[in-house]
Amino acid sequence: MVPNAEEVRRREIEKKAALVRNEANLYWKIVLRQPEVGEGTIQLLKDTFLKNFEANYSGFDVSNEESFLAATHNLLQSAGRFRILDVKSFEQRVAKAYQKEQAYRNNRRSHFSLDILFQTIDLLSANKQEEAAEQNMANKDDAGLSAQERENLILNFRAYNAMNAKILGIGNLKEALLKKDTLVSDVALIHIDITITALEFMFRNIIAQQLLSKKYNCDTLIAEWSKEYNFEEELKTRVLFYISGDTPLLKFRPKYAQAIQSINNTDVSKSDVLDSDLFLLRSLANFYTSWIMQVSEMIAA
């Protein structure tokens, strides 16, 4: 049944209200990660903060610098008590962080992706373990990446592993989902260079992997990958040589790392390793990424 005009209007109003609430909560999380709030030298009332943000949402347009800074000033002053000398510097830092979140969301090329983890693995030097990724990436001059790009990989790699450790530490997916905001905030306090938007995306990706791992092993992943790209059985067998079908899905990344390191340490001309093996494994990693992200998007919906 086609909704009438009134129903369409109601849905639009609800959609806009949800968007504004999400923005208010995002800005609140930005404030919480500031050291002054953690130290108690700035105290803010959450309900007042959220209510005033929603009431004055139109003023938080980052494209208008002057009105945006004024709106941020009014918001913070109306909801808090300050025991610091340089309030203006604090307000500007908070405003800049919110602008960074907006810029991140508007630039899809900068978005965190599981591809980053596999790119990290591919950049490792021979005979090195994944844990050595940070130092290897920092010193890698021939990877076709700028110093800034390598640094971003390192920062994302650290934050992802920290988030993963937090979730695994709880040990219960339902409880982890209920504690999402707390977990994201905890990681945000330590990894201040990563946007909250990216951290929330990491959280969903990790949960997605956990959910899929409860139903599937790598045999399903490889079978679906082979079907998707219409690969012959021979190519599927090549991949199974490196990653067995009974490998738990959560072990895919370390198994992939071992496979890449093994190929990099092997003289192809003197072994049964084929030039195409590296391509096949990277193709499988890309498929794994897209598989996880589809479930991640369902969690976000």
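Parameters and conventions
Residues numbered from 1 in each chain as written. Predicted model: local features only at pLDDT ≥ 70, side-chain atom pairs only at ≥ 80, totals over all residues. Heavy atoms only, no water. Helix = DSSP H or I, 4+ residues; strand = E, 2+ residues; numbered from the N terminus. Buried < 20%, exposed > 50% of the residue type's maximum accessible area, 1.4 Å probe, protein only. Contact = heavy atoms within 4.5 Å. Core = buried A, V, L, I, M, F, W, Y, C linked by side-chain atoms within 4.5 Å. 1 Å grid on protein atoms, 1.4 Å probe; cavity = no way out; pocket = protein on both sides within 12 Å on 5 of 7 lines; lining within 4 Å. Points joined across faces, edges and corners; volume = space filled by probe spheres on them. Nonpolar A, V, L, I, M, F, W, Y, C, P; charged D, E, K, R; others polar. Salt bridge = Lys/Arg side-chain N within 4 Å of Asp/Glu carboxyl O. Expected span 1.5 Å × (residues − 1). Arc of directions from axis to C-beta. Axes fitted to C-alpha atoms, helices over the stretch in contact; angles between N-to-C directions. Parallel < 35°, antiparallel > 145°, perpendicular 65-115°, else oblique. Left-handed = near helix turned anticlockwise from the far one by under 90°. Phe/Tyr/Trp six-rings, centres within 6.5 Å; stacked < 30°, edge-to-face > 60°. Lys NZ or Arg CZ within 6 Å of the ring centre and 35° of its normal.

1. A closer look at the overall build of the chain
At step 1: Per the secondary structure count, the chain includes 15 helices and two strands.
At step 2: The 301 residues of the chain split such that 42% are buried.
At step 3: In the chain, once contacts between residues fewer than 6 apart in sequence are set aside, the share between residues at least 24 apart is 70%.

2. A short note on the nonpolar core
At step 1: In this structure, Y27, F49, L199 and F252 are the most contacted members of the largest nonpolar core, which totals 75 residues.
At step 2: Discounting chain neighbours no more than four positions away, the residues touching L199 are R33, A159, M163, V184, V187, A188 and I194.

3. Comments concerning the layout of surface pockets
At step 1: Considering only enclosed or pocket space, the largest pocket measures out at about 790 Å³ in volume.
At step 2: Around the largest pocket, the lining comprises 21 residues; the ones closest to its centre are R105, T197, E200, F201 and R204.
At step 3: Considering each element in turn, the lining of the largest pocket owes the most residues, six residues, to helix α1 (residues 5-32).
At step 4: Tallied by class, residues from the lining of the largest pocket come to eight nonpolar, five polar and eight charged.

4. Observations concerning unusual backbone geometry
At step 1: Within the chain, N230 stands out as a residue other than glycine whose phi angle is a positive 55 degrees.
At step 2: With respect to the secondary-structure elements, N230 resides in the loop between α12 (218-228) and α13 (233-242).

5. Some thoughts on the pattern of salt bridges
Two side chains with opposite charge may pair up if their charged atoms get near one another.
At step 1: One pass over the structure, following the stated rule, counts twelve salt bridges.
At step 2: A salt bridge links K179 to E175; its shortest N-O distance comes to 2.8 Å.
At step 3: In this structure E175 comes out as partly exposed when scored by relative accessible area, which is 33%.
At step 4: A salt bridge links K227 to E224, with the nearest nitrogen and oxygen atoms 3.5 Å apart. A residue pair is termed a helical-turn pair when its members lie 3 or 4 positions apart in one helix, as K227 and E224 do in helix α12 at three residues.
At step 5: Overall, E224 belongs to the partly exposed group, its relative accessible area being 31%.
At step 6: One network of salt bridges, with partners in common, ties together E7, R10, R11 and E14.

6. Notes on helix α4 (residues 65-79)
At step 1: The end-to-end C-alpha distance of α4 is 21 Å, a good match for the 21 Å that 15 residues give at a rise of 1.5 Å each.
At step 2: Buried residues of α4: F68, A71, T72, L75, L76 and A79, and no others. Down the axis of α4, the buried set is contained in an arc of 125 degrees. They therefore lie on one face. Facing away from the buried side of α4 by more than 90 degrees, the exposed set consists of E66 and N74.
At step 3: On its buried face, α4 is in contact with α1, β1 (42-44), α3 (46-55), β2 (80-82) and α5 (87-106).

7. Describing the packing of α12 against α13
Axes are the key here: two packed helices are described by the angle between their axes and the distance separating the axes.
At step 1: The contact between α12 and α13 brings their axes to 10 Å, and the two run at 150 degrees. Considering their axes alone, α12 and α13 lie roughly antiparallel with respect to each other. As α12 runs across α13, the sense of the crossing is right-handed. Here α12 contributes I222, A223, W225 and S226 to the contact with α13, which in turn contributes L235, K236, V239 and L240.

8. With respect to the packing of aromatic side chains
At step 1: One pass over the full model with this rule turns up 18 aromatic pairs.
At step 2: Ring centres of F53 and Y98 lie 6.4 Å apart, and the angle between their planes is 75 degrees; this geometry places the pair in the edge-to-face category. In this pair, F53 is assigned in helix α3 and Y98 in helix α5, connecting sequence segments 45 residues apart.
At step 3: Given the relative accessible area of 1%, Y98 is considered buried.
At step 4: Positioned over the ring face of F241 is R238, at 5.9 Å from the centre of the ring.

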